[in-house]
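Fold and contact review
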Amino acid sequence: MSDAPALDTTAVSRLCDDPVMLDDWYPVARSREIVAGTITPATLLGRDLIVWRDAAGAVHVWDDLCIHRGARLSKGWIKDDTVVCPYHGWRFDGQARCVHIPVAPDQPIPPKARAFPVRAQEQDGLVWATLGKPAHPIPAFPARDLPGFRIFHAGPYVYRANGFRAVENFVDATHFPFVHSGLNGVPDAPDIIPDYDVTRSADGLVSSEISVFQPVGDFRKIPVQAGYTYYCLRPLVAAFSKRVRIVDPAQAHLGSPDDRFVTMFTVQPVDEVTSVARVVFAINFAPDLTEADMLPRQDIVYNQDRDIVETQRPERIPVDLRAEMHHRSDRMGVAYRRWLRDLGITYGVIA
Ligand code: FES
Ligand SMILES: [Fe+2]
């Protein structure tokens, strides 16, 4: 878990009116956090929501708002598989219908008495929600169906930062020696990054492989030569597939040339300058390692990333390439900003 302060979901933020961002899927919780009998608040694109699971196991994401007098349902509780509003005790069932008004239990309930659901779906251990009508499916974790991979989760990591800045950091291989000194790079011997390619398709962006030396490049705590292939699957979902080749021949028996570490980095845009990152990752080596063994390294790396991304100004990412400076080693970031611009995104960017 992150050591970041708990998220203040009461923060007032600009509501999103960007159709591109509204018509997309974002994680709002880990599946395992949403247990029947509890209500979990979440904020997405400035809109306050609740997440809850009914007794049959289905997940629901609703506005954090009661239609009666506008009280927050997140302050309520679950009773008999319904959400109870904390103000006057109206109850709402899994179909979002009001099924009980305590002051008039025997009278018909007006059909207008309803909660406000948004679309929600579970995939890859995450609860995804959308405020719009996405034309595309939720991006799949790239190693989900690959044989031999074990899948784990890390986070949530709260970034007091813009989600696009967080994703651009995730697909940037040139910060490793400085931000992840001693783990993913060596500050006194940074890798020279040769030119690489980035290809855009209907599925997003993909880079050619970028090779770097990492003194502790994975969970085995040994030096590796890492080969990163980066993907932008959606504006706020990115991934890498990293080949990890053990450098020291005397330690080669700890792995194989096929060893890979696959990571998907997802962002819940709370608002334009607040993000919750959740990480799904998989390895096909070191079968003895448990999630608990691997989480400390993940927490260190993502907290280091958060610490630097939170310093970036302006907070919203500029998608006009005349702003900031771009080196040829930034080809992935440049392609990412172009893609955001061409998608017509307005929320969370400086156009
Ligand atoms: S505000 Fe929810 S029951 Fe009155
Ligand atoms: Fe990083």
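Residues numbered from 1 in each chain as written. Chains lettered and ligands numbered in written order. Predicted model: local features only at pLDDT ≥ 70, side-chain atom pairs only at ≥ 80, totals over all residues. Heavy atoms only, no water.

**Focus on helix H5 (residues 331-343)**
One turn of an α-helix holds 3.6 residues; hence residues three or four places apart share an orientation. Counted at 1.5 Å a residue, the expected span for H5 with its 13 residues is 18 Å, and the 18 Å between its end C-alpha atoms agrees. Every buried residue belonging to H5 is among Met332, Gly333, Val334, Ala335, Tyr336, Arg337, Trp339 and Leu340, and all of these are buried. Residues of H5 that are buried sit in contact with helix H2 (163-170), strand E12 (198-201), strand E13 (204-207), strand E15 (224-234) and strand E19 (317-318). The first or second residue beyond H5 is Gly344, which carries a positive phi of 85°. (Helix = DSSP H or I, 4+ residues; strand = E, 2+ residues; numbered from the N terminus. Expected span 1.5 Å × (residues − 1). Buried < 20%, exposed > 50% of the residue type's maximum accessible area, 1.4 Å probe, protein only. Contact = heavy atoms within 4.5 Å.)

**Describing the coordination of the iron ion (ligand 2)**
Protein coordination of the iron ion (ligand 2) is provided by His175 (NE2), His180 (NE2), Asp305 (OD) and Asp305 (OD), with donor distances spanning 2.0 to 2.6 Å. In this structure, the iron ion (ligand 2) is surrounded by four donor atoms whose angles at the metal cover 55 to 147°, and the resulting shape is irregular. Its relative accessible area of 5% is what places Asp305 among the buried residues. (Donors = N, O, S within 2.8 Å, 3.2 Å for Na, K, Ca; no water. Tetrahedral: all angles 85-135°; square planar, octahedral: opposite > 155°, others 65-115°.)

**Things to note about empty space enclosed by the protein**
Per the stated rule, a full pass over the model turns up two cavities of 30 Å³ or more. Of the volumes computed, that of the largest cavity is approximately 150 Å³. Every residue lining the largest cavity is counted, 17 residues in all, and those nearest its centre are Phe176, Asn184, Phe240, Val301 and Tyr302. Those elements that place two or more of their residues in the lining of the largest cavity are H2, E15, strand E16 (237-246), strand E17 (260-271) and helix H4 (291-309). Partitioning the lining of the largest cavity into residue classes produces eight nonpolar, six polar and three charged. The calculated volume of the second largest cavity comes to roughly 40 Å³. Lining the second largest cavity are Asn162, Gly163, Phe164, Leu236, Pro269, Asp271, Glu272, Tyr347 and Gly348. Listed by contribution, the elements that provide at least two residues to the lining of the second largest cavity are H2 and E17. Partitioned by chemical class, the residues of the lining of the second largest cavity number four nonpolar, three polar and two charged. (1 Å grid on protein atoms, 1.4 Å probe; cavity = no way out; pocket = protein on both sides within 12 Å on 5 of 7 lines; lining within 4 Å. Points joined across faces, edges and corners; volume = space filled by probe spheres on them. Nonpolar A, V, L, I, M, F, W, Y, C, P; charged D, E, K, R; others polar.)

**Section: the packing of aromatic side chains**
The geometry of two aromatic rings is summed up by the distance between their centres and the angle between their planes. All told, the structure shown has 15 aromatic pairs when counted by the stated rule. Ring centres of Tyr157 and Tyr302 lie 5.3 Å apart, and the angle between their planes is 25°; this geometry places the pair in the stacked category. With Tyr157 in strand E11 (residues 150-159) and Tyr302 in helix H4, this residue pair connects regions lying 145 residues apart in the sequence. Assessed through its relative accessible area of 0%, Tyr157 is described here as buried. When the ring centre of Phe219 is taken as reference, the NZ or CZ atom of Arg297 above it lies at 5.9 Å. (Phe/Tyr/Trp six-rings, centres within 6.5 Å; stacked < 30°, edge-to-face > 60°. Lys NZ or Arg CZ within 6 Å of the ring centre and 35° of its normal.)

**Quick look at the sheet that holds strand E7 (residues 91-92)**
Backbone-to-backbone hydrogen bonds pair the strands of a sheet. The strands run either parallel or antiparallel. Taken in spatial order, the four strands of this open sheet run E5-E6-E7-E8, and their pairing is antiparallel. The sheet terminates laterally at strand E5 (77-79) and strand E8 (98-100), the two strands that pair on one side only. Two strands pair when backbone bridges link them, and E7 and E8 are joined in this way by two bridges, in the antiparallel orientation. Across the sheet, the residue bridging to Arg91 is His100, located in E8. (Pairing = 2+ DSSP bridges.)

**A word on the pairing of strand E1 (residues 26-30)**
Most of E1 is tucked away: five of the five residues are buried. Relative to strand E10 (residues 126-130), E1 runs antiparallel, the two being bridged by four bridges. When the sheet's bridge partners are listed, Tyr26 is paired in E10 with Ala129.

**Brief notes about the domain arrangement of the chain**
Domain boundaries in the chain define domain 1 (19-130) and domain 2 (150-350). The distance between the C-alpha centroids of domain 1 and domain 2 comes to 34 Å. The interface is formed by 19 residues belonging to domain 1 together with 22 residues belonging to domain 2. Taken together, the two surfaces of domain 1 and domain 2 that pack against each other cover about 1,600 Å², and 62% of this comes from carbon and sulfur. The interface formed by domain 1 and domain 2 holds one salt bridge in total. Between Arg234 and Asp24 there is a salt bridge, with its nearest N and O atoms 3.2 Å apart. Applying the counting rule to domain 1 against domain 2 returns seven residue pairs in polar contact (both at pLDDT 80 or more). Elements with a contribution of two residues or more to the side of domain 1 that touches domain 2: helix H1 (19-22), E1, strand E2 (39-44) and E10. Looking at the side of domain 1 that touches domain 2 element by element, the count peaks at five residues for E1. (Domains from an automatic or database assignment. Buried area = accessible area lost by both parts, 1.4 Å probe. Salt bridge = Lys/Arg side-chain N within 4 Å of Asp/Glu carboxyl O. Polar contact = N/O pair within 3.5 Å; in protein donor to acceptor, adjacent residues only side chain to side chain.)

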